[in-house]
Amino acid sequence: LGTAIIAAKKEIDFKDKTKGTVFSVPKSDFAKLKDEYPTEDLHKIFPMKDGEPLFLGIDVGSTSTNFVLINQDNQVVDYQYFKTLGDSSLAVEKGFENLKHRFGNKLNIVHSGVTGSGRITIGKKFNIPVVKDEITAQAAGTLFLHPDCDTIFEIGGQDAKYIKCENKKTTDFTMNKVCSAGTGSFIEDQADRL
């Protein structure tokens, strides 16, 4: 989405090297993109009521670790994003410490789950009851927000994934296993150099 918006703003033309065709993104399509995917609510935080039941999701990736608390209305109450820095256990401990520092005894976490490359180790170490692979988690989250989605691309820190969906279910997927040139950490390193 971000690439499409930038292309539309700059009216960039794209060339298909194999077919020699050129196409551009007209400004009218940019307006449609903004209407279809409003961004102002992407990071909206809803107030937490003392003692309300909350659900904690943890994504332990190779590059970053993410915590999100949601209420029973599927509203985000709190989220955290920080670098894993090669130590997933320490990153998760940091997340728990941040929650304790910010909310004290007001939290009532009734269920939790973990995903990401560090999910198995973290699930066992911190006794997290739901452990899901990244393909399952990404498909479930995307299809919850966009039930008609048929294609998901996920650019992770060390790998990239393609997920195909039909009738609100994952029907196929693949991920790069050798080359990391399309991954988040590679792109971030190149951006730093530039």
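Residues numbered from 1 in each chain as written. Predicted model: local features only at pLDDT ≥ 70, side-chain atom pairs only at ≥ 80, totals over all residues. Heavy atoms only, no water.

Caption draft 1: Inspection of the sheet that holds strand E8 (residues 151-155) at higher detail. Strand order in the open sheet made by the 3 strands is E8-E9-E10, with antiparallel pairing throughout. For this open sheet the edge positions go to E8 and strand E10 (169-175), each flanked by a neighbour on one side alone. Ignoring strand direction, the axes of neighbouring strands in this sheet form an average angle of 20°. The pairing of strand E9 (residues 160-166) with E10 spans 6 bridges and is classified as antiparallel. By the bridge assignment, Tyr-162 is partnered in E10 with Thr-174. Against the sheet, helix H5 (residues 134-145) touches E8, E9 and E10, its axis set at about 55° to E9. (Pairing = 2+ DSSP bridges. Helix = DSSP H or I, 4+ residues; strand = E, 2+ residues; numbered from the N terminus. Axes fitted to C-alpha atoms, helices over the stretch in contact; angles between N-to-C directions. Contact = heavy atoms within 4.5 Å.)

Caption draft 2: Main features of the environment of Ser-112. Position of Ser-112 relative to the elements: it lies in strand E6 (residues 108-115). Accessibility expressed as a relative area gives 16% for Ser-112, which makes it buried. In this structure, Ser-112 is in contact with Leu-56, Ile-128, Pro-129 and Val-130, ignoring residues within four places of it in sequence. (Buried < 20%, exposed > 50% of the residue type's maximum accessible area, 1.4 Å probe, protein only.)

Caption draft 3: Layout of the pattern of salt bridges. A full pass over the atoms with the stated rule returns 7 salt bridges. The residue Lys-161 makes a salt bridge to Glu-154 at a minimum N-O spacing of 3.1 Å. The exposure classification of Lys-161 matches that of Glu-154, with both residues buried. Of the residues examined, Lys-161 reaches a relative accessible area of 3% and is grouped as buried. (Salt bridge = Lys/Arg side-chain N within 4 Å of Asp/Glu carboxyl O.)

Caption draft 4: Inspection of the packing of aromatic side chains at higher detail. In total, this model carries 4 aromatic pairs according to the counting rule given. Seen in terms of ring centroids, Phe-67 and Phe-82 are 6.2 Å apart; in terms of plane orientation they differ by 35°. Their pairing is tilted. A residue pair is termed long-range when its members are at least 10 positions apart, and Phe-67 in strand E4 (residues 64-70) and Phe-82 in strand E5 (residues 76-83) qualify at 15 residues. Look at Phe-67 and you get buried, because its relative accessible area is 3%. Residue classification places Phe-82 among the buried residues on the basis of a relative accessible area of 8%. A centroid spacing of 5.4 Å and a plane angle of 85° characterise the contact between Phe-67 and Phe-96, whose relative ring orientation is edge-to-face. Of this pair, Phe-67 sits in strand E4 while Phe-96 sits in helix H3 (residues 88-103), and the two are 29 residues apart along the sequence. Owing to a relative accessible area of 28%, Phe-96 belongs among the partly exposed residues under this scheme. A network of ring pairs unites the aromatic residues Phe-67, Phe-82, Phe-96 and Phe-126 as a single cluster. (Phe/Tyr/Trp six-rings, centres within 6.5 Å; stacked < 30°, edge-to-face > 60°.)

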